[in-house]
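# Survey of secondary and tertiary structure
Each chain, letter by letter, is given below.
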Amino acid sequence: GENVEQHPSTLSVQEGDSAVIKCTYSDSASNYFPWYKQELGKGPQLIIDIRSNVGEKKDQRIAVTLNKTAKHFSLHITETQPEDSAVYFCAASNQAGTALIFGKGTTLSVSS
Amino acid sequence: GAVVSQHPSRVICKSGTSVKIECRSLDFQATTMFWYRQFPKQSLMLMATSNEGSKATYEQGVEKDKFLINHASLTLSTLTVTSAHPEDSSFYICSAWGGETQYFGPGTRLLVL
């Protein structure tokens, strides 16, 4: 089955810096890669996703890149703000309607 | 966007009792819903796939007789933790596909005393 590895497990940055979180997946059939932000005591919130037919997607300060050949994808947050502090999870699935397989998460801390 | 709700948000129960958690898709129909469990500072682990009108599919290591799932309509799935024990204390989260995106509920914090 699919296995998703996520690094780093913790990341501390200064406000205004960029943050990058990387994930690798094992199943070459996976074609959907979402990123979720989870705040303490809450459910995950989708922040951006990418499908295998594109290599990059951007939404304001957030971007995701996908390298299908290497089977890895990354989350990029620019101009970080304290409210970006949370746990971020990457995930993968091989078709719509199936369960997501999650990475272990990255705790991002943005200090002002 | 699509919304998934859960009820209750928090429950405390005594060991040996059963607890029911509801998951609803509020503005879309979901033939399939998913139940995840999350322990503190850990990732989401898929427990089971809930299928409307048929039996749920459980992940390896998840006891189907302990975690009863009922998906009686296209907008409601329930998870019942039977004979709960302290080790069942966790954060339970459901999700459903709304179009091409999977949406998650706010989670239910279960504490078994």
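Residues numbered from 1 in each chain as written. Chains lettered and ligands numbered in written order. Predicted model: local features only at pLDDT ≥ 70, side-chain atom pairs only at ≥ 80, totals over all residues. Heavy atoms only, no water.

### Things to note about the layout of surface pockets
Looking at the largest pocket, its volume works out to about 420 Å³. Along the wall of the largest pocket there are 21 residues; nearest its centre are Gln 38 and Val 87 of chain A together with Gln 38, Lys 41 and Gln 42 of chain B. Listed by contribution, the elements that provide at least two residues to the lining of the largest pocket are strand 9 (86–92) and strand 11 (106–111) of chain A. The biggest single contributor to the lining of the largest pocket is strand 9 of chain A, with three residues. Grouping the amino acids of the lining of the largest pocket by side-chain chemistry returns seven nonpolar, nine polar and five charged. Approximately 310 Å³ is the volume attributed to the second largest pocket. Ile 101 and Phe 102 of chain A together with Leu 44, Met 45 and Leu 46 of chain B are, among the 15 residues lining the second largest pocket, the residues nearest its centre. (1 Å grid on protein atoms, 1.4 Å probe; cavity = no way out; pocket = protein on both sides within 12 Å on 5 of 7 lines; lining within 4 Å. Points joined across faces, edges and corners; volume = space filled by probe spheres on them. Helix = DSSP H or I, 4+ residues; strand = E, 2+ residues; numbered from the N terminus. Nonpolar A, V, L, I, M, F, W, Y, C, P; charged D, E, K, R; others polar.)

### Observations concerning the interface of chain B and chain A
Taken together, the contacts link 18 residues of chain B with 21 residues of chain A. When the two sides are added together, the surface that chain B and chain A hide from each other amounts to roughly 1,400 Å², 60% of it contributed by carbon and sulfur. Interface area lost by chain B to chain A is led by Ser 43, Trp 97 and Phe 104 of chain B, which between them contribute 34%. The interface formed by chain B and chain A includes zero salt bridges. Inspection of the region where chain B meets chain A yields eight residue pairs in polar contact (both at pLDDT 80 or more). Secondary structure elements with two or more residues in the side of chain B that touches chain A: strand 4 (32–38), strand 9 (90–98) and strand 10 (101–104) of chain B. (Contact = heavy atoms within 4.5 Å. Buried area = accessible area lost by both parts, 1.4 Å probe. Salt bridge = Lys/Arg side-chain N within 4 Å of Asp/Glu carboxyl O. Polar contact = N/O pair within 3.5 Å; in protein donor to acceptor, adjacent residues only side chain to side chain.)

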